[in-house]
Amino acid sequence: MDVDRELGELLEALWTLEEQGEAFPQDVRRIAHAEVTDRLLERALREELIVRQPSGHLRLTSKGRAVATPIIRRHRLAERLMCDVLGVDVEETEAAACEFEHFLAEGITRAICTLLGHPRVCPHGRPIPEGECCRQAEEQVKAILVPCDRLALGETARVAYVSTRSHARLLRLSALGIMPGVSVQLVQRWPSIVLRCEETEIALDEEIARQIYVWRVRPEEGAEAGEASDERWTST
Ligand SMILES: [Zn+2]
Ligand SMILES: [Zn+2]
Ligand SMILES: [Zn+2]
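Residues numbered from 1 in each chain as written. Chains lettered and ligands numbered in written order. Predicted model: local features only at pLDDT ≥ 70, side-chain atom pairs only at ≥ 80, totals over all residues. Heavy atoms only, no water.

Quoted verbatim from the Subcellular location (unreviewed entry) heading of the UniProt record, the comment on the chain is "Cytoplasm". According to the UniProt record, the Subunit (unreviewed entry) comment for the chain is "Homodimer." (UniProt positions renumbered as here; feature names shortened; annotations may be inferred.)

Undergrad: Describe the coordination of the zinc ion (ligand 3), naming the residues involved and giving the relevant values.
TA: Note on the zinc ion (ligand 3): its protein donors are Cys113 (SG), His118 (ND1), Cys133 (SG) and Cys134 (SG). The metal-donor distances range over 2.1 to 2.4 Å. For the zinc ion (ligand 3), the four donor atoms in the first shell make angles of 98 to 120 degrees at the metal, so the coordination geometry reads as tetrahedral. Sequence positions of the donors to the zinc ion (ligand 3) reduce to the motif C-x4-H-x14-C-C. Across this residue pair, the class does not change: Cys113 and His118 are buried. (Donors = N, O, S within 2.8 Å, 3.2 Å for Na, K, Ca; no water. Tetrahedral: all angles 85-135°; square planar, octahedral: opposite > 155°, others 65-115°. Buried < 20%, exposed > 50% of the residue type's maximum accessible area, 1.4 Å probe, protein only.)

Undergrad: Can you break down the coordination of the zinc ion (ligand 1) residue by residue, with the values?
TA: Here the zinc ion (ligand 1) is held by Glu9 (OE), Glu9 (OE), Glu12 (OE), Cys98 (SG) and Glu101 (OE), and the distances to it run 1.9 to 2.8 Å. Mapped onto the polypeptide sequence, the residues donating to the zinc ion (ligand 1) form the spacing pattern E-x2-E-x85-C-x2-E. With Glu12 in helix H1 (residues 5–18) and Cys98 in helix H5 (residues 90–103), the pair connects residues that are 86 residues apart, well separated along the chain. (Helix = DSSP H or I, 4+ residues; strand = E, 2+ residues; numbered from the N terminus.)

Undergrad: Which residues make up the nonpolar core, and what values do they have?
TA: When a protein is soluble and globular, its nonpolar side chains tend to lie buried together. Membership of the largest hydrophobic core comes to 21 residues, with the highest contact counts inside it found for Leu10, Leu11, Leu14, Val28 and Ile50. Among the elements of the structure, H1, helix H3 (38–46), strand E2 (58–60) and helix H4 (62–85) are those that each provide at least two residues to this core. Ranked by residues supplied to this core, first place goes to H1 with seven residues. The contacts of Val28, once residues within four sequence positions are left out, are Leu10, Ala13, Leu14, Leu17, Ala23, Val36 and Leu58. (Core = buried A, V, L, I, M, F, W, Y, C linked by side-chain atoms within 4.5 Å. Contact = heavy atoms within 4.5 Å.)

As structure tokens, then:
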């Protein structure tokens, strides 16, 4: 079912409130990112997306949940993308995430989810509804995109991005050769984290190492390649 923006925002607000408890129409009006008119509420009731309980509070129906699920998923994945990859403050992500949730195509949503390693919660700690990609990836125990301090000793991976807002830090790291696309190997974990990049060994503070996100080598490139994993990794 196609929902327009107002209806989508109404369902989103109700979903978020229900995670914390009961939701009355005035609560929905307060937090929704669209004007919730009586007409809009009536429409949602008529289309059986929500129901009014005898006590007066509103609930999503199973149909309403089904319609809202992809909206919530896009919103929360967009928040993660902005926080983790773009380094935007959580408080600043809200309005932009509300834009994303209305136009992100399914293929792009899936790509973002995969890029982020199928995250389970948004930066506010609220659950992100699972997508098909998450279910397929479940057997894949470790996220493929991880901060470099989570690599195993000796493991080689490719730098994806550096999650920092500090331009100076980015410049310093790229001067050392750490930039998207290059191959790095974790050669020491303690007392400091040491990455080998080309022929250079680079010692890093833990805090900085945690900002360097790397792609792990994909399973089918390893010894136990199988058809199932091929299928998994080629799906976009
Ligand atoms: Zn929204
Ligand atoms: Zn959130
Ligand atoms: Zn996923």
